[in-house]
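# Structural characterization, general
Given next are the chains, with one letter for each unit.
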Amino acid sequence: MAAIPPVARKVPRELAEHGDVRVDDYHWLRDDARADPAVLAHLRAENDYAASLMSVHDVMPTRPDAPAEHIILDENVKAEGHDYYSIGAFKVSPSGKLVAYAEDTKGDEIYTVFVIDVESGQYVGQPLKGITSDIEWAGDDYLVYITMDDILRPDKVWLHKLGSDQLDDICLYHEKDDTFSLVLQASESKQYLFVESGSKNTSYIFYLDIPNQSKELVVLTPRVDGIDTTASHRGNHFYIKRRSDEFYNSELVACPLHNVAETTVLLPHRESVKIQDFQLFENHIAVYERENGLPKATVYRLPATGEAVGQLQGGRAIDFADPAYAVEPETSQFHSNIIRFYYSSMRTPPSVFDYDMDTGVSVLKKIDTVLGGFDASNYVTERKWAAASDGTQIPMTILYRKDMVKLDGSDHTLLYGYGSYEICIDPTFRGSRFSLVDRGFIYVIAHIRGGGEMGRKWYEDGKLFKKNNTFTDFIACAEHLIENKYCSKEKLCINGRSAGGLLMGAVLNMRPDLFKAAVAGVPFVDVLTSMLDPTILFTTAEWEEWGDPRKEEYYYYMKSYSPVDNVKAQEYPHILVTAGLNDPRVMYSEPAKFVAKLRELKTDDNLLLFKCELGAGHFSKSGRFEKLQEDAFTYAFILKALGMTPPTKASGMFGS
C-alpha cells in the first residue's frame with residue numbers, strides 16, 4: 001500500500017501591504033519557540049513519510065589508524081550526548097599555551113567559548129556564553145569577542161580578561177544601526193586587531209593596538225556610504241583593500257600608522273580583475289584576485305620595513321594545473337618567505353602547497369586520500385559558457401568520468417547553482433559527488449549572476465531589481481546543456497541550498513518542464529513575508545541584498561519571484577526539500593509552507609518529500625558521517641526520481 005503524504009491544515013491569514021492582499025493558509029507553521037505540538041507533529045509526519053519512501057544504506061571504509069598525536073580537544077568526545085555539536089572557532093594564544101574554542105550544541109549558531117591549557121587540558125576561567133564564534137586573542141591574557149542582539153545581529157564587541165567574570169567585560173563598541181554587523185580580523189603580524197562594521201554595501205574599520213595593551217578602539221577607515229574596506233598591518237603601514245562605486249573591483253592602498261589619511265595606491269582598480277583578498281608577510285604580499293571567472297594568486301616583494309611603499313611591480317603569478325579550480329590562503333608564518341595555500345578542483349583532491357615566494361617553487365605538502373581506487377585521470381573537467389537571455393556569457397564548470405558518458409543527450413546530469421551575496425562557488429573537490437559521477441552522471445556548477453565569480457558587477461547584476469537574472473541565467477545553463485547533448489530534460493536534475501534553494505523554488509515555478517528532479521536545501525522561499533518582518537533574524541541586514549518590500553516598487557518585484565507566492569496549479573518535477581528546526585538563517589517554516597502549498601496545488605503524481613532535521617540548524621547535521629548520510633539520502637532521491645533504484649515496499653509507485 002502506497003504511503004499517504006501529510007496534508008497541512010489550512011488556516012487562512014490575510015497579509016496586506018501596499019493595497020495588495022495575500023492569503024497565507026500555512027502561516028500557523030511558523031513557531032518561533034519551536035515547541036508547538038501541532039507544528040512538531042506535522043514536521044515529524046513529513047519526516048516519517050520521507051523515510052517510508054526512501055531506503056539508504058551506507059558502507060563507509062575506514063583508514064588505517066593514525067600515528068599517536070597530542071590531542072588538545074577531541075570533538076568526538078565532546079559531541080557525545082548531543083544531537084548536534086560543532087566547533088565554530090579554535091584559536092591558539094600568541095604563546096601557544098592556551099586555546100580558545102567556541103561550541104554550538106543546537107545548530108542555532110549561538111556559541112559558548114571555553115579556554116583550555118594546551119598541555120594539561122584543564123579549563124582556564126569560566127566559559128563565555130551567548131556569543132558568536134568570532135573570537136580573537138589580544139595578547140595572552142585577553143580575548144575579544146562579539147555578542148548579538150535579539151535578532152542575532154552581531155552588534156557588540158567586548159574585551160575579556162582571562163579569569164575575570166563575563167559581567168565585568170569591557171564593551172569596546174556597540175553598533176546600533178540594525179543594517180550593520182560586526183566581525184573581527186587579526187593582522188598577520190599579530191600587532192593589531194581590526195573590528196569591521198559592515199552592511200552589504202558599506203563597511204568601516206576600527207583597530208586595537210595589542211602590544212600597547214590598548215582598551216579603546218581607534219578609527220582606521222571612516223563610515224562612508226558605498227565604500228567597503230578591509231585591512232591588515234605590516235611594519236609602519238596599514239594595508240587596506242578599498243571598494244567603492246567607482247572602484248567596484250577594489251583597489252589596494254597603504255597608509256602610515258601615524259597618518260591614516262595619507263594613502264598610497266599599491267594596486268589600482270581594474271575593470272577585468274577583482275581584488276578578492278591579500279595576505280601580508282614580513283617581506284612579501286600575496287594578492288588573491290579573480291579574472292575571467294577564475295581565482296589567481298600573485299606574489300610581490302615589498303620594500304624593507306621602514307622604507308616608503310609604492311605601486312607594486314614585478315609580481316609572480318602562481319601557476320595552477322586544472323582548467324577550473326579553487327585556491328584559498330592557508331595559515332602561514334608572517335616572518336617566513338613561504339606561503340601556504342589550499343588547492344583543489346572537481347577532479348583534484350584537496351591539496352596543501354608551500355610556495356617559496358623568492359624562488360617561485362611550489363611543493364605539495366599534503367593531498368587528501370580518496371578511498372575506493374580513485375584515479376584523477378579517469379575524469380574530465382571542462383569549462384563552458386552558456387548565453388543568457390540578454391546575451392551575457394555564463395560560465396559553467398563540468399565534471400564527468402570519460403569512460404562512463406556518451407555525450408549524446410542520454411547522460412544523467414546534476415546541475416548546481418547558488419548566485420547570491422557575491423559568493424563564489426568555485427569548483428572544489430567533494431568525494432561524495434563521485435557516487436553519482438561513477439554511475440555515469442555529469443556534474444555541473446552554473447556560475448550565475450548574483451555570485452562573485454566574474455567580479456563585483458556580476459554580483460550587482462544579480463541582486464535587488466536585477467535578481468531575476470540569477471534565475472534566467474540558471475535556466476539558460478540548463479538549456480545549453482540540453483542543446484549541446486550533455487543531457488535531456490528527462491535526465492536533468494538540479495540542486496541548491498539556502499539562497500540556492502530560493503533559486504530552485506524560482507526556476508521550478510518558472511520552468512517546471514525543464515527538469516526531472518530538484519533538491520532544495522534549507523531554501524529561502526518565503527521571501528516577501530520574511531523581508532517584511534524586521535523581527536525575523538537577519539531581515540534588516542538583508543534589505544541591501546533583496547530590497548526592502550516596505551517600499552512598493554520592491555514589494556511587487558520581490559512578489560514576482562518569491563517561490564511561495566508563485567506556486568500554481570501545474571505539473572512539477574520530483575522534489576526533495578530539507579530544513580533544520582533550529583536554523584536561524586532560514587526559518588524551518590519557509591520550506592514547510594512551500595511544501596504544503598505544492599501539495600495543495602501541483603497537478604502531477606511526482607514525488608514530493610520534506611525532511612526536517614529536528615536537532616540541527618542551517619548547516620544541518622554536524623558529524624562527518626552524518627553529513628555523508630545526508631549526501632547519500634539526497635543522491636538516493638535523485639536516483640529514485642530517475643528510476644535508477646528499485647521501488648521500496650512502502651512506495652510501490654511514486655506518490656505525491
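Residues numbered from 1 in each chain as written. Predicted model: local features only at pLDDT ≥ 70, side-chain atom pairs only at ≥ 80, totals over all residues. Heavy atoms only, no water.

So, about the overall build of the protein. The number of helices and strands found in the protein is 12 helices and 33 strands. Relative to the compact-globule value of 26 Å for 656 residues, the protein shows a C-alpha radius of gyration of 25 Å, a close match. Each principal axis of the C-alpha atoms in the protein carries an extent, and together these give about 75 × 55 × 55 Å. Within the protein, the proportion of its 656 residues that are buried is 56%. In the protein, the share of contacts with a sequence separation of at least 24, taken over all contacts with a separation of at least 6, comes to 57%. (Helix = DSSP H or I, 4+ residues; strand = E, 2+ residues; numbered from the N terminus. Rg over C-alpha atoms; globule rule 2.2 N^0.38 Å. Buried < 20%, exposed > 50% of the residue type's maximum accessible area, 1.4 Å probe, protein only. Contact = heavy atoms within 4.5 Å.)

Given a rise of 1.5 Å per residue, 17 residues ought to cover 24 Å, and the 24 Å separating the end C-alpha atoms of helix α1 (residues 37–53) matches this to within 8%. Where α1 is concerned, the buried positions are Val 39, Leu 40, His 42, Leu 43, Glu 46, Asn 47, Tyr 49, Ala 50 and Leu 53. One side-chain oxygen of the residue at the start of α1 lies 2.8 Å from the amide nitrogen of Ala 38, identifying that residue as Asp 36. (Expected span 1.5 Å × (residues − 1). Polar contact = N/O pair within 3.5 Å; in protein donor to acceptor, adjacent residues only side chain to side chain.)

With that settled, consider the layout of surface pockets. The space that makes up the second largest pocket amounts to roughly 290 Å³. Contributing to the lining of the second largest pocket are 17 residues, with Asp 32, Arg 34, Leu 152, Leu 537 and Pro 584 lying nearest its centre. (1 Å grid on protein atoms, 1.4 Å probe; cavity = no way out; pocket = protein on both sides within 12 Å on 5 of 7 lines; lining within 4 Å. Points joined across faces, edges and corners; volume = space filled by probe spheres on them.)

Where helix α5 (residues 468–483) meets helix α6 (residues 499–510), the axes come as close as 10 Å, and the angle between the chain directions of the two elements is 70°. Considering the angle they form, α5 stands roughly perpendicular to α6. As for the relative orientation of α5 and α6, their crossing is right-handed in sense. Of α6, the residues touching α5 (which contributes Asn 468, Thr 470, Phe 471, Thr 472, Phe 474 and Ile 475) are Leu 502, Leu 503, Met 504, Ala 506, Val 507 and Met 510. Here the contact of α5 with α6 is built from residues that sort into 9 nonpolar, 3 polar and no charged. (Axes fitted to C-alpha atoms, helices over the stretch in contact; angles between N-to-C directions. Parallel < 35°, antiparallel > 145°, perpendicular 65-115°, else oblique. Left-handed = near helix turned anticlockwise from the far one by under 90°. Nonpolar A, V, L, I, M, F, W, Y, C, P; charged D, E, K, R; others polar.)

Remember that side chains alternate between the two faces of the sheet whenever the strand is regular. For strand β29 (residues 442–446), a buried count of 5 out of 5 residues is recorded, marking the element as mostly surrounded by other parts of the structure. Residues Ile 442, Val 444 and Ala 446 line one face of β29 and the alternating positions Tyr 443 and Ile 445 line the opposite face, and both faces are buried. As paired elements, strand β27 (residues 393–401) and β29 share 4 bridges and run antiparallel to each other. The residue of β29 that forms the bridge with Met 396 is Ala 446. Here strand β28 (residues 413–417) runs beside β29; their pairing, made up of 5 bridges, is parallel. Residue pairing in the sheet places Gly 417 in a bridge with Ala 446 of β29. (Pairing = 2+ DSSP bridges.)

Counting buried positions along helix α8 (residues 539–546) gives 7 out of 8 residues, so the element sits mostly inside the fold. Taken together, the buried positions of α8 are Thr 539, Thr 540, Ala 541, Glu 542, Trp 543, Glu 545 and Trp 546. Looking at the residues trailing α8, positive phi occurs at Gly 547, about 110°.

Among the surface-exposed residues, Ile 72, Phe 90 and Val 92 lie close enough to one another that they form a single nonpolar patch of about 230 Å² accessible area. Here Ile 72 is to be found in the loop between α1 and α2 (75–79). (Patch = residues over 30% accessible without salt bridge, like charges linked within 9 Å, V, L, I, M, F, W, Y side chains within 5 Å. Areas by Shrake-Rupley, 256 points an atom, 1.4 Å probe, with all protein chains shown as cover. Salt bridge = Lys/Arg side-chain N within 4 Å of Asp/Glu carboxyl O.)

We now examine the pairing of strand β1 (residues 14–17). Relative to strand β2 (residues 20–23), β1 runs antiparallel, the two sharing 4 bridges. By the bridge assignment for β2, Leu 15 is matched with Arg 22. Between the end of β1 and the start of β2, which pair antiparallel, lie 2 residues, with His 18 showing a positive phi angle near 55°.

The next subject is unusual backbone geometry. Non-glycine residue Leu 407 carries a positive phi angle of around 55°. With respect to the element layout, Leu 407 can be found in the loop between β27 and β28. The phi torsion at Ser 498 lies on the positive side, around 60°, for a residue other than glycine. A residue is classified by how much of its surface remains accessible, and Ser 498, at 13% relative accessible area, is buried.

This part is about the nonpolar core. Among the nonpolar cores identified, the biggest contains 104 residues, and Leu 415, Phe 474, Ile 494, Phe 515, Leu 609, Phe 637 and Ile 638 are the most heavily contacted of them. When sequence neighbours within four positions are dropped, the list of residues in contact with Phe 515 reads Phe 474, Ala 478, Lys 489, Leu 492, Ile 494, Val 507, Leu 508 and Pro 573. Ile 146, Val 157, Leu 193 and Val 195 belong to the second-largest nonpolar core, a separate cluster that totals 19 residues. (Core = buried A, V, L, I, M, F, W, Y, C linked by side-chain atoms within 4.5 Å.)

On to the sheet that holds strand β12 (residues 203–209). In spatial order, the strands read β10-β11-β12-β13; together these 4 strands make up an open sheet with antiparallel pairing. Because the sheet does not close on itself, it has two edges, and the strands there are β10 (181–186) and β13 (218–221). Pairwise comparison of adjacent strand axes, ignoring direction, gives a mean angle of 30° for this sheet. In terms of strand pairing, β12 meets β13 through 3 bridges, oriented antiparallel. Residue Ile 205 lies in a different strand from β13, and its bridge partner there is Thr 221.

Taken as a whole and judged by the stated rule, the model has 39 salt bridges. For Asp 358, the salt bridge is made with Arg 301, and the minimal N-O distance between the two is 3.0 Å. A residue pair is termed long-range when its members are at least 10 positions apart, and Asp 358 in the loop between β24 (351–356) and β25 (362–367) and Arg 301 in strand β20 (residues 294–301) qualify at 57 residues. The network of salt bridges with shared partners includes Lys 274, Glu 422, Arg 456, Lys 457 and Glu 460.

Below, the discussion takes up the side chain of Asp 565. By the element assignment, Asp 565 lies in helix α10 (residues 563–566). A distance of 3.1 Å separates polar atoms of two side chains, one belonging to Asp 565 and the other to Arg 22.

What follows covers the packing of aromatic side chains. Applying the stated criterion across every chain, the model contains 29 aromatic pairs. Measuring from ring centre to ring centre gives 5.2 Å for Phe 374 and Phe 434, while their planes differ by 75°; the resulting arrangement is edge-to-face. With a gap of 60 residues between them, Phe 374 in the loop between β25 and β26 (379–387) and Phe 434 in helix α3 (residues 434–437) connect regions that are remote in the sequence. Residue Phe 434 is classed as buried on the basis of its relative accessible area, which comes to 5%. (Phe/Tyr/Trp six-rings, centres within 6.5 Å; stacked < 30°, edge-to-face > 60°.)

Attention now moves to empty space enclosed by the protein. This structure, assessed with the given rule, holds 4 cavities of 30 Å³ or more. Surrounding the largest cavity, His 27, Arg 30, Asp 526, Thr 529, Ser 530, Ile 536, Met 587, Ser 589, Glu 590 and Lys 593 form its lining. Going through the elements one at a time, α7 (527–531) and α11 (589–601) are the ones with two or more residues in the lining of the largest cavity. At 3 residues, the largest contribution of residues to the lining of the largest cavity is made by α11.

Among the secondary structure elements, Asn 212 is positioned in the loop between β12 and β13. Linking Asn 212 and Leu 40, residues 172 residues apart in sequence, is a C-alpha distance of 54 Å.

All right, on to the sheet that holds strand β33 (residues 608–613) then. Strand order in the open sheet made by the 8 strands is β26-β27-β29-β28-β30-β31-β32-β33, with mixed pairing throughout. With one partner strand each, in any of the chains shown, β26 and β33 form the two edges of the open sheet. In this sheet, neighbouring strand axes are inclined to one another by 15° on average, regardless of whether the strands run parallel or antiparallel. Where strand β31 (residues 517–521) meets strand β32 (residues 574–580), 5 bridges bridge the pair, whose relative direction is parallel. Of the residues in β32, the one forming a bridge with Ala 520 is Val 577.

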